[in-house]
Protein chains: 2
Amino acid sequence: MHARPTIGNPGRGSRSWLGVVRDAVDGLVKHSPSRFAILVFAALILVFTLLFSLPIARAGEASSAPLHDALFTAVSVICVTGLSTVDMATYWSPFGHGLVYLGVNIGGIGVLTLATTLGFVISRRLGLRAKLMAASDTNPSRLHVGPVAERQAIRLGEVGGLLFTVAVSALVIEAALAIGLMPSMLAAGYDVGHSIWYSLYYSAMAFTNTGFSPNPGGLSPFEHDYWMQSLLMAGVFLGSLGFPVIFALAKAWRTPRKWSVHVKLTLTTTVILFIAGAAMFILLEHANPKTYGHLDAGPTIFQSFFMSAMTRSGGFATVDMHDLYGSSQLVSSMLMFIGGGSASTAGGIKVTTLAVLFLAAVAEARGAPSMEAFGRRIPRDMLRLSVSVVLWGATIVAAASIAILQITKAPFENVLFDVISAFATCGLSTGLTADLPPEGVYVMAGTMFMGRVGTVTLAAALAASTRRQLFKRPEERPIVG
Amino acid sequence: MHARPTIGNPGRGSRSWLGVVRDAVDGLVKHSPSRFAILVFAALILVFTLLFSLPIARAGEASSAPLHDALFTAVSVICVTGLSTVDMATYWSPFGHGLVYLGVNIGGIGVLTLATTLGFVISRRLGLRAKLMAASDTNPSRLHVGPVAERQAIRLGEVGGLLFTVAVSALVIEAALAIGLMPSMLAAGYDVGHSIWYSLYYSAMAFTNTGFSPNPGGLSPFEHDYWMQSLLMAGVFLGSLGFPVIFALAKAWRTPRKWSVHVKLTLTTTVILFIAGAAMFILLEHANPKTYGHLDAGPTIFQSFFMSAMTRSGGFATVDMHDLYGSSQLVSSMLMFIGGGSASTAGGIKVTTLAVLFLAAVAEARGAPSMEAFGRRIPRDMLRLSVSVVLWGATIVAAASIAILQITKAPFENVLFDVISAFATCGLSTGLTADLPPEGVYVMAGTMFMGRVGTVTLAAALAASTRRQLFKRPEERPIVG
Ligand SMILES: [K+]
Ligand SMILES: [K+]
């Protein structure tokens, strides 16, 4: 955490005030990118908590939001979760809504940049932008590095370049989505000003996988607007894939054979979960009178796919989660826990983490010496990393569930659903979160923070900590299972 | 599954009818011990289902038990689960009670033998009894074998010898427990005949980790009998450790430093879970008016330890599981899912499986190249095996929970609790199992069977399937977390 002396940095002649700060940050980024990520997120949340606490952020009368609501909203916005303890559409002033819009873009682009940065600390030889290209790229040999055995070196300048690339890409995608959403807003009867604002807002909420609605009633004015719902799904889907995958799709969509294993694994797992989730919702909910029971086959199928896509971590909903059967709530909880792609705005343990566990089980069942996918071996240490991420996730979900259950004595299905939704920054809710007492609100805010920052930084921190061991102990085999 | 010709088997001169069967079984044991285990359990369940279906097994009027109740009871008895769809104390005749007593002993000793056999298929050089001794023994180098690369060879004669050792040990322990229980039965006011029967019954139910009670009212006559409850705890604890550990304790209790890693890992994890579980129950339940709220500090602590021990997979209960707070139900579910020791009468994924996952995360966090415990390296392939077992368990629990939720629409906490109790053959129940419709009963019976036979055979089947691979694929690293 100390700034390194700038001796040996011939690029800068004078030691300005800015230079000192810059070197300090540079040193932190270089020495502990995970700690840097945590500090950035904590600082953003602090600033937005203060801003949401201002009376000007509140709609109507001039009373300011209580601390727990301001903090929760700030965490939910910066962590692009989409859970809320207040009615987001009516509680905040236009200034407050602007904060939300700004916050999710900062949070979304920030987490993409950080996750991409940290995802690549394990491959230190290329510049960061080059690495991003490489991970999405047609020549997978460029990422063939062994387990990390030395300190990674990331410079702030590199992060800045990556941030620029990610931000421009994100804003281009959001602008395209917003243009597509305009007709739907106008068709729903909003005036041009509101339609533009709502289009921008919804596109940001979709691509950043947040899931807030700017209008009272949420998606209910668009209940039969399949164009609008399809665009939301597309935005959520794209955002949840992660930037290496988006870049691969943008650059080499014609030659899927040449994609990296990361891209192939993310896309395959995401598509399997998308279809399997939808199939489960069709099976379990088609006769539920409170959800899809009154719908025809076509809308039931569409809504099931919509629901399945949103558990990736979109958080938009066309039915009340409270009305789902317990079986569907469990399926949703499982899908939310898995979450989206690595280096994406989605949360959860990530689809590649699940895929690695699954590949390990397949390799074990086949008696193969190593995990394989798409003709490549997956290094053994990936399994240990994946197990660590899942244990971390399960521990957070268990601890938060026990705390919320004890605080509220609410039904378990609602608690588990909302806690996993918070951990995976998904934002779907059974309504429990809105009714929590302040101490429960703090637990949920902590869960969102650890879910967002934890899964992103944990893998990188662990991957970067490999050190040499000079002696080998004798081997011994316990019995398991 | 075919019998091998006996040519080349010079030990037997004549080809008797018995010899053919024996060779057939011998061949099956040799070629697929996992399949043999599944067949043995399925056959036992079939026989006991028929026996429980006889009118003579029912108490009172001569109507026989319906198929789903007979099957469920047979599965629950043979898998030493302790769940029931009927009131066990009043539903069955003395003949039926005798079947239960016989069944849990056959099931308990059977699973111990099979689990021990299968647990050692990965070390093929010693005889089975010698292996059992070695696993519990002071010279861990005797178990230093690498990953399995050739067929294991287990002969039926070896299994017979092991079965004898295990059966004698189990019956000696049960007899000692029964003698200790006698005073409590007499003190509770039962006549000598009933006291002997109940002592034998309770000792078998404790050591085999089943958890049925022979008397109406279950443990309520012994509510204040801490001697009796302590003996039950001791029996459950011992049974749940597994035979390699019991042998180590019996043979080398004075020299814990010389125990094998398996013994140390099992004992350490069990003790940590025992204490942590009790601490959680004290914390969460001490003010619950329906459970420990009316108890003083001493009894609250004792009952919390009792509850913690029973989640290992004992299944006895002094409070109604339905009255626990949701937070404690979740803690119990987690403890039940973990279960007891390998090669024991307890179920679940097993404590060593959890320990290996945890050791992997610790190794990852420390950047160590290999998992270590008690000065020994744990082979890397153990992690893959452990991940497979956990995925298998989680898949069964998830699938059964979704099915039961959809069938019953019951509250999630009760469904999850009873499903995990069935998977882990624990036997604690919120009361849901007793109210299930027949299709739900079949789902739960299947869950018990797969939980019991699956976890025991899966690890062995997987460990035995390693085969050589002749070429190496290029390595590539996806991003996880
Ligand atoms: K979200
Ligand atoms: K049991």
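No experiment lies behind these values; they were computed from the predicted model shown. (Residues numbered from 1 in each chain as written. Chains lettered and ligands numbered in written order. Predicted model: local features only at pLDDT ≥ 70, side-chain atom pairs only at ≥ 80, totals over all residues. Heavy atoms only, no water.)

To continue, consider the overall build of chain A. If you tally the helices and strands in chain A, you get 17 helices and two strands. Counting only contacts in chain A whose residues sit at least 6 apart along the sequence, the fraction spanning at least 24 positions is 71%. Of the accessible surface of chain A, which amounts to about 18000 Å², a share of 67% is contributed by carbon and sulfur atoms. (Helix = DSSP H or I, 4+ residues; strand = E, 2+ residues; numbered from the N terminus. Contact = heavy atoms within 4.5 Å. Areas by Shrake-Rupley, 256 points an atom, 1.4 Å probe, with all protein chains shown as cover.)

With that out of the way, let us pick up the coordination of the potassium ion (ligand 1). Residues and elements named next belong to chain A. Those donors, Val80 (O), Thr81 (O), Asn209 (O), Thr210 (O), Ser313 (O), Thr425 (O) and Cys426 (O), are the protein atoms that reach the potassium ion (ligand 1), and they lie 2.3 to 3.1 Å from it. Of note, the potassium ion (ligand 1) draws all its donor residues from one chain, in the sequence arrangement V-T-x127-N-T-x102-S-x111-T-C. Of the two residues, Val80 is situated in the loop between α3 (67–78) and α4 (88–91) and Cys426 in the loop between α16 (412–423) and α17 (438–463); the sequence distance between them amounts to 346 residues. This pair shows no difference in class: Val80 is buried, exactly as Cys426 is. (Donors = N, O, S within 2.8 Å, 3.2 Å for Na, K, Ca; no water. Buried < 20%, exposed > 50% of the residue type's maximum accessible area, 1.4 Å probe, protein only.)

Now for the coordination of the potassium ion (ligand 2). Perfect tetrahedral coordination of a metal by four donors corresponds to 109.5 degrees between them, and perfect octahedral coordination by six donors corresponds to 90 or 180 degrees. Residues and elements named next belong to chain B. Distances from the potassium ion (ligand 2) to its protein donors, Val80 (O), Thr81 (O), Asn209 (O), Thr210 (O), Ser313 (O), Thr425 (O) and Cys426 (O), fall within 2.3 to 3.1 Å. All donors to the potassium ion (ligand 2) come from one chain, and their sequence spacing reads V-T-x127-N-T-x102-S-x111-T-C. Separated by 345 residues along the polypeptide, Val80 in the loop between α3 (67–78) and α4 (88–91) and Thr425 in the loop between α16 (412–423) and α17 (438–463) bring together distant segments of the chain. We note that Val80, like Thr425, is buried.

The residue A:Lys350 is not glycine, and still its phi comes out positive at about 90°. Position of A:Lys350 among the secondary structure elements: in the loop between α13 (326–338) and α14 (351–366). For A:Lys350, a relative accessible area of 1% translates into the label buried. A positive phi angle is found at B:Val80, which is not glycine, with a value near 40°.

Summed over the entire model, instances satisfying the criterion amount to two salt bridges over all chains. In this structure, the salt-bridge partner of B:Arg384 is A:Glu364, at a minimum N-O distance of 2.9 Å. With B:Arg384 in helix α15 (residues 381–408) and A:Glu364 in helix α14, this pair bridges two chains. According to the relative accessible area criterion, B:Arg384 is buried, its value standing at 11%. (Salt bridge = Lys/Arg side-chain N within 4 Å of Asp/Glu carboxyl O.)

The next point concerns the packing of helix α12 (residues 297–314) of chain A against α13(A). Residues and elements named next belong to chain A. Where α12 meets α13, the axes come as close as 6 Å, and the angle between the chain directions of the two elements is 45°. When the axis of α12 is compared with that of α13, the two are oblique. Judged by the sense of rotation from one axis to the other, the crossing of α12 with α13 is right-handed. Side by side, α12 and α13 meet where Met307, Thr311 and Arg312 of the first sit next to Ser332, Leu335 and Met336 of the second. For the contact of α12 with α13, the class distribution of residues is three nonpolar, two polar and one charged. (Axes fitted to C-alpha atoms, helices over the stretch in contact; angles between N-to-C directions. Parallel < 35°, antiparallel > 145°, perpendicular 65-115°, else oblique. Left-handed = near helix turned anticlockwise from the far one by under 90°. Nonpolar A, V, L, I, M, F, W, Y, C, P; charged D, E, K, R; others polar.)

This next bit is on the packing of aromatic side chains. Within the structure shown, the criterion is met by 26 aromatic pairs over all chains. Ring centres of A:Phe48 and A:Phe52 lie 6.3 Å apart, and the angle between their planes is 45°; on these two criteria the pair is classed as tilted. Residue A:Phe48 and its partner A:Phe52 are both found in helix α2 (residues 33–53); the two are separated by four residues, about one turn of the helix. Assessed through its relative accessible area of 3%, A:Phe48 is described here as buried. Taken together, a centroid distance of 4.9 Å and an interplanar angle of 80° make the contact between A:Tyr190 and A:Tyr198 edge-to-face. Judged by its relative accessible area of 8%, A:Tyr198 falls in the buried class. These aromatic residues form a ring-pair network of at least three members: A:Tyr190, A:Tyr198, A:Tyr202, A:Phe222 and A:Phe316. One residue, A:Arg58, lies across the ring of A:Tyr91, its end atom 3.8 Å from the ring centre. Directly above the aromatic system of B:Tyr325 lies the positively charged group of A:Lys409, at a separation of 4.2 Å from the ring centroid. (Phe/Tyr/Trp six-rings, centres within 6.5 Å; stacked < 30°, edge-to-face > 60°. Lys NZ or Arg CZ within 6 Å of the ring centre and 35° of its normal.)

On to the confidence of the model for chain A. All names here are of chain A. Residue-level pLDDT values for chain A average 79, and 80% of them are 70 or greater. Contacts for the low-pLDDT stretch residues 1–13, under 50 throughout, to residues beyond four places or in other chains number 13 contacts. Taken as a whole, residues 122–127 scores under 50 in pLDDT and shows 21 contacts with residues more than four places along the chain or in a different chain. (pLDDT = per-residue confidence, 0-100.)

Residues and elements named next belong to chain B. Orientation of helix α11 (residues 261–285) relative to helix α14 (residues 351–366), taken along the N-to-C sense of each, is 90°, at an axis distance of 9 Å. Taken as axis vectors, α11 and α14 run roughly perpendicular relative to one another. The residues of α14 that touch α11, namely those facing His262, Leu265, Thr266, Thr269, Thr270 and Leu273, are Val351, Thr352, Ala355 and Leu359.

The subject of this paragraph is a nonpolar patch on the surface. Residue and element names in this part refer to chain A. Residues Leu186, Val192, Ile196 and Leu200 make up a contiguous nonpolar surface patch of about 310 Å² in total accessible area. The leading source of residues in the nonpolar patch is helix α8 (residues 192–207), at three residues. In this structure Leu186 comes out as partly exposed when scored by relative accessible area, which is 39%. (Patch = residues over 30% accessible without salt bridge, like charges linked within 9 Å, V, L, I, M, F, W, Y side chains within 5 Å.)

Residues and elements named next belong to chain A. Relative to the helices and strands, Ser34 resides in helix α2. By relative accessible area, Ser34 is classed as buried at 10%. With 423 residues separating them along the chain, Ser34 and Thr457 place their C-alpha atoms 5.0 Å apart.

Moving on, we get to the nonpolar core. By size, the foremost hydrophobic cluster in this structure holds 206 residues, and its most contacted members are A:Phe316 and B:Phe316. In this view, B:Phe316 contacts B:Tyr202, B:Met205, B:Ala206, B:Gly211, B:Phe212, B:Ser213, B:Leu219, B:Leu232, B:Val236, B:Phe306, B:Met310 and B:Leu428; residues no more than four positions away in its chain are not counted. A:Ala368, A:Ile378, B:Ala360 and B:Ile378 belong to the second largest nonpolar core, which has 30 residues in total. (Core = buried A, V, L, I, M, F, W, Y, C linked by side-chain atoms within 4.5 Å.)

Moving on, we get to α15(B). The end-to-end C-alpha separation of α15(B) is 41 Å, in line with the 40 Å expected for 28 residues at 1.5 Å each. Two residues or fewer past α15(B), B:Lys409 is found with a positive phi of approximately 55°. (Expected span 1.5 Å × (residues − 1).)

Residue and element names in this part refer to chain B. Tracing the backbone shows Ser199 in helix α8 (residues 192–207). Overall, Ser199 belongs to the buried group, its relative accessible area being 2%. Ignoring any residue separated from it by four or fewer positions in sequence, one finds Ser199 in contact with Ala178, Leu181, Met182 and Met185.

Okay, the environment of B:Pro94 next. Residue and element names in this part refer to chain B. Tracing the backbone through its elements, the reader meets Pro94 in helix α5 (residues 94–119). On the accessibility criterion, Pro94 (72% relative accessible area) is exposed. C-alpha of Pro94 to C-alpha of Arg58: the two residues are 36 residues apart in sequence and 8.5 Å apart in space.

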